[in-house]
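Letter by letter, the chains look like this.
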Amino acid sequence: MHRRRRTALILSAAAIAAAPLLTACGSKAHPGAAAVVGGDRITVAQLEGRVNEVRDAQRSAIPDDAQYSQAIAKSGGLTRSTLHTMVLDKVLHRAASDAGVSVTRRDIQTMRSGLEQQAGGKKALEQGWLQQYNVAPARLEDSLRTEIEAQKLSAKLGADMNSPEGQAVFWKALSAASKKLDIDLNPRYGTWDVDKNKRADAKTPWVRQVTKAEAGPGAAEQPA
């Protein structure tokens with residue numbers, strides 16, 4: 001696949017910490033909720049279900065007990081990073097909706113086809129997403145939808161994600177969305193305070209370098 005141009009969502013922990021968004025103190029009482037975003041509850045059961053999906057996929061992909069134990073050790077903070085992803089995806093979706101950005105089924109299929117070609121097939125893509133971003137195969141297309149939303153939102157905003165100025169524009173839009181959503185985190189999972197880098201270590205597929213190719217949008221791994 002020939003690459004025409006690159007835009008980068010280089011949203012490292014330092015870049016995230018510089019943006020004043022997504023702050024919640026977890027002071028409200030929401031029994032059974034891991035987080036409340038825009039009045040919608042992410043229940044503890046839903047969060048645990050997502051984590052179990054990843055663990056089950058890891059177990060299927062790694063039959064060797066020793067290697068599986070190593071994989072578990074590497075993703076020891078999976079519950080908190082998964083919650084981070086679930087909340088941040090909702091914020092991005094709100095920002096995209098506010099900007100009039102939408103994602104079609106065709107968009108998702110185009111991106112998936114391009115990524116499968118790059119990865120060497122469907123199975124390789126699914127395993128790569130699982131290993132690098134803790135996304136279970138069943139959630140891959142949801143993850144790709146979010147990836148495309150990030151691309152389209154940055155384009156709609158005219159934000160050059162290769163520059164600090166462009167990143168600031170992008171995060172300002174997310175900041176506005178987060179304020180509308182009034183995010184509240186269950187204290188057992190910490191607080192949602194980006195200024196203090198809370199949950200900033202979570203790997204979210206769309207928070208990484210994004211590539212646009214001739215045949216449609218594609219993606220490359222997040223720079224280390």
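Check the entry above for the structure.
Since this is a predicted model, take the numbers as computed values, not measurements.

Draft legend 1. Broad picture of the overall build of the chain. On a plain count of helices and strands, the chain comes out with 8 helices and 6 strands. When the helices and strands of the chain are read in sequence order from the N terminus, they spell out β-α-β-β-α-α-α-α-α-α-α-β-β-β. Looking at the 224 residues of the chain, the share that counts as buried comes to 49%. When contacts within the chain are restricted to residue pairs at least 6 apart in sequence, those whose partners lie at least 24 apart make up 75%. Accessible surface, the chain as shown: approximately 11100 Å² in total, 49% of it carbon and sulfur.

Draft legend 2. Region of the structure containing the nonpolar core. Counting 33 residues, the largest nonpolar core has I42, L47, L83, V87, L153, F170 and L174 as the members making the most contacts within it. Where this core is concerned, the elements lending two or more residues are β2 (33–37), α2 (44–61), α4 (78–98), α7 (140–157) and α8 (164–181). When residues of this core are assigned to their parent elements, the largest contribution, 8 residues, is made by α4. Not counting residues up to four positions away in its chain, the partners in contact with L153 are L92, A95, A96, A99, V101, F170 and L174. One finds I108, L125, Y133 and V135 within the second-largest nonpolar core, a separate group that totals 11 residues.

Draft legend 3. Representation of the pairing of β2 within the structure. Burial of β2 is extensive: 5 of the 5 residues sit out of reach of the surface. Judged from the 4 bridges that link them, β2 and strand β3 (residues 40–43) form a sheet pairing that is antiparallel. Bridge assignment links V36 to a residue of β3, and that residue is R41. Counted between consecutive antiparallel strands, the loop separating β2 from β3 contains 2 residues, among which G38 sits at a positive phi close to 60°. Bridge count between β2 and strand β4 (residues 184–185): 2 bridges; the pairing is antiparallel. Its bridge partner being in β4, A35 is matched across the sheet by L185.

Draft legend 4. The arrangement of the sheet that holds β2 in detail. With antiparallel pairing, 3 strands are arranged side by side in an open sheet as β3-β2-β4. Edge positions in the open sheet fall to β3 and β4, since each of these has one partner strand only. Sitting on the sheet, α2 touches β2 and β3, and the angle it makes with β3 is about 50°.

Draft legend 5. Expanded view of the environment of A136. With respect to the element layout, A136 can be found in the loop between α6 (122–133) and α7. For A136, a relative accessible area of 5% puts it in the buried group. Taking the C-alpha atoms as reference points, A136 and D56, 80 residues apart in sequence, are found 8.5 Å from one another. Apart from the residues lying within four places of it in its own chain, the contact partners of A136 are E53, V54, A57 and L130.

Draft legend 6. The arrangement of the packing of helix α5 (residues 105–119) against α7 in detail. Close contact between α5 and α7 brings their axes to 9 Å; oriented N to C, the two are set at 105°. The angle between α5 and α7 falls in the class roughly perpendicular. Only L140, E141, L144, R145, E147, I148, Q151 and K152 of α7 make contact with α5, whose side of the interface consists of R105, D107, I108, Q109, M111, R112 and L115. Residues that form the contact of α5 with α7 fall into these classes: 6 nonpolar, 2 polar and 7 charged.

Draft legend 7. Layout of unusual backbone geometry. Although it is not a glycine, N134 adopts a positive phi angle of roughly 55°. For N134, a relative accessible area of 23% corresponds to the partly exposed category. Its identity is not glycine, yet D182 carries a phi of approximately 50°, on the positive side. Structurally, D182 is set in the loop between α8 and β4.

Criteria and thresholds
- Residues numbered from 1 in each chain as written.
- Predicted model: local features only at pLDDT ≥ 70, side-chain atom pairs only at ≥ 80, totals over all residues.
- Heavy atoms only, no water.
- Helix = DSSP H or I, 4+ residues; strand = E, 2+ residues; numbered from the N terminus.
- Buried < 20%, exposed > 50% of the residue type's maximum accessible area, 1.4 Å probe, protein only.
- Contact = heavy atoms within 4.5 Å.
- Areas by Shrake-Rupley, 256 points an atom, 1.4 Å probe, with all protein chains shown as cover.
- Core = buried A, V, L, I, M, F, W, Y, C linked by side-chain atoms within 4.5 Å.
- Pairing = 2+ DSSP bridges.
- Axes fitted to C-alpha atoms, helices over the stretch in contact; angles between N-to-C directions.
- Parallel < 35°, antiparallel > 145°, perpendicular 65-115°, else oblique.
- Nonpolar A, V, L, I, M, F, W, Y, C, P; charged D, E, K, R; others polar.

As far as function goes, none of this settles anything; it's purely spatial.
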